[in-house]
Amino acid sequence: MNPATAARVLVIDDEVQIRRFLDIGLRAEGYLVLQAATGAEGLALAATQSPDLIILDIGLPDREGHEVLAELRQWSNVPVMMLSVRDSESQKVLALDHGANDYVTKPFGIQELMARLRVLLRSRAATPMTEAPPRYDDGRLVIDQVHREVLLDGGPVALTRKEYAVLALLLRHAGRVVSQQLLLREVWGATHVQDTHYLRIVIGRLRQKLGDDPAAPRWLRTEPGVGYRFLAGEPD
């Protein structure tokens, strides 16, 4: 594999032995390897180093791997392979529901892992993914998806978890209409896809906090009967 075109693989695992084992195996196959021992460090590397694939352990010292994955999925579609000593079906389903592309149980064989990794990379190459940058800044509104911070005219905007999740999901699809059903399913869950009043309340609060006039929106446009669109503006 040509170093200039080698895929970048980010390994997020707190076990030194696992990181060393994967580092040796991945480099032997020609991959470039990035390493992180915590979820916070891994998210920072994912945002700044643009890996082609992430290998993520479920049990991390600062937070659960599922939480790291859920946060990552707010701004990135990079393929993620989960690692865990937990081999129950419920754990695998939970990982896949949070956006994992594959799940490998420890201990694992390096050849099996490499084969699965190649499948994910081929799938990514065959279907180019569009990703919102980790930081949106149009001169007035700043949305920092790594640190989960929103600033308006330089001052912090206090958002609830649901408000931030809706805003981040709209930003991820900036310029495109996001249906009410998709927003409800992703933020509230599949059992709430008909509860459109939840979404109207959150959108109303977002507009109030951002000072966004629904009659002449700068950021959040309603597409009547369909959903909402984030209007990504040019820097002032």
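The preceding data block contains the structure.
Because the structure is a prediction, the values reported are computed rather than measured.

The rules we used
- Residues numbered from 1 in each chain as written.
- Predicted model: local features only at pLDDT ≥ 70, side-chain atom pairs only at ≥ 80, totals over all residues.
- Heavy atoms only, no water.
- Core = buried A, V, L, I, M, F, W, Y, C linked by side-chain atoms within 4.5 Å.
- Buried < 20%, exposed > 50% of the residue type's maximum accessible area, 1.4 Å probe, protein only.
- Helix = DSSP H or I, 4+ residues; strand = E, 2+ residues; numbered from the N terminus.
- Contact = heavy atoms within 4.5 Å.
- Pairing = 2+ DSSP bridges.
- Axes fitted to C-alpha atoms, helices over the stretch in contact; angles between N-to-C directions.
- 1 Å grid on protein atoms, 1.4 Å probe; cavity = no way out; pocket = protein on both sides within 12 Å on 5 of 7 lines; lining within 4 Å.
- Points joined across faces, edges and corners; volume = space filled by probe spheres on them.
- Nonpolar A, V, L, I, M, F, W, Y, C, P; charged D, E, K, R; others polar.
- Phe/Tyr/Trp six-rings, centres within 6.5 Å; stacked < 30°, edge-to-face > 60°.
- Expected span 1.5 Å × (residues − 1).

A.B. asks: Looking at this model, I keep getting lost on the nonpolar core. Mind explaining?
C.D. replies: Side chains that are nonpolar tend, in soluble globular proteins, to be buried together. Within the largest apolar cluster, 28 residues are counted, with the highest numbers of intra-cluster contacts made by Leu141, Ile143, Val166, Leu170 and Phe230. Looking at this core, the elements with two or more residues in it are strand 7 (141-144), strand 8 (149-152), helix 6 (161-172), helix 7 (180-187), helix 8 (196-210) and strand 12 (227-230). Looking at this core element by element, the count peaks at 8 residues for helix 6. Aside from chain neighbours lying at most four places away, what touches Leu170 is Val178, Leu183, Ile203, Leu220, Tyr228 and Phe230. Counting residues in hydrophobic clusters, the runner-up holds 23 residues, among them Ala46, Leu60, Met82 and Ala95.

A.B. asks: Just to check I follow, could you spell out the sheet that holds strand 10 (residues 177-179) for this structure?
C.D. replies: Two pairing modes exist for strands in a sheet, parallel and antiparallel, and in both the strands are linked by backbone hydrogen bonds. The sheet built from 3 strands is open, its strands ordered 10-12-11 with antiparallel pairing. Of all strands in the sheet, those bounded by a partner on one side alone are strand 10 and strand 11 (220-223). Between one strand axis and the next, the sheet turns through 30° on average, direction left out of account. Across 4 bridges, the pairing between strand 11 and strand 12 is antiparallel. Across the sheet, Glu223 pairs through a bridge with Gly227, a residue of strand 12. Packing of helix 7 onto the sheet brings it into contact with strand 10 and strand 12, and relative to strand 10 it is tilted by some 65°.

A.B. asks: Where do I start with the layout of surface pockets in this structure?
C.D. replies: Over the atoms, a rolling probe the size of a water molecule traces out where space has been left empty. When its volume is computed, the largest pocket comes out at roughly 820 Å³. Ala70, Arg73, Gln74, His98 and Glu186 are, among the 26 residues lining the largest pocket, the residues nearest its centre. Secondary structure elements with two or more residues in the lining of the largest pocket: helix 3 (65-72), helix 4 (89-97), helix 6 and helix 7. Of the residues forming the lining of the largest pocket, the biggest block, 6 residues, is contributed by helix 6. Split into classes, the residues belonging to the lining of the largest pocket amount to 9 nonpolar, 6 polar and 11 charged.

A.B. asks: So what exactly am I meant to see when it comes to the packing of aromatic side chains here?
C.D. replies: Each aromatic ring pair is specified by the distance between its two centres and by the angle formed by the two planes. Across all of its chains, the model carries 3 aromatic pairs by this definition. Judged by centre distance (5.2 Å) and plane angle (85°), the rings of Tyr136 and Phe230 are edge-to-face. In this pair, Tyr136 sits in strand 6 (residues 135-137) while Phe230 sits in strand 12, placing the two residues 94 residues apart along the sequence. We note that Tyr136, like Phe230, is buried. Both rings, one in Trp188 and one in Tyr198, keep their centres 6.1 Å apart while their planes meet at 35°; by these two values the pair is tilted. Taken together, the positions of Trp188 in the loop between helix 7 and helix 8 and Tyr198 in helix 8 put the pair 10 residues apart, joining distant regions of the chain.

A.B. asks: What should I look at first to understand the sheet that holds strand 5 (residues 102-105) in this one?
C.D. replies: One open sheet accounts for 5 strands, arranged 2-1-3-4-5; its pairing is parallel. Unpaired on one side and paired on the other, strand 2 (32-36) and strand 5 mark the two borders of the sheet. Here the average twist between neighbouring strands, direction ignored, is 20°. Note: strand 1 (residues 8-12) against strand 2, 5 bridges, orientation parallel. Along strand 2, the bridge assignment pairs Val11 with Gln35. Those strands touched by helix 1 (residues 16-28) are strand 1, strand 2, strand 3 (53-57) and strand 4 (80-84), and its axis lies near 170° from that of strand 2.

A.B. asks: Which parts of the structure should I look at to understand helix 6?
C.D. replies: The periodicity of an α-helix, 3.6 residues per turn, causes residues three or four positions apart to be oriented the same way. With 12 residues, helix 6 should reach 16 Å at 1.5 Å per residue; the first-to-last C-alpha distance of 16 Å fits that figure. Across the 12 residues that make up helix 6, a large majority, 10, are buried. Considered for burial, the residues of helix 6 that qualify are Glu163, Tyr164, Ala165, Val166, Leu167, Ala168, Leu169, Leu170, Leu171 and Arg172.

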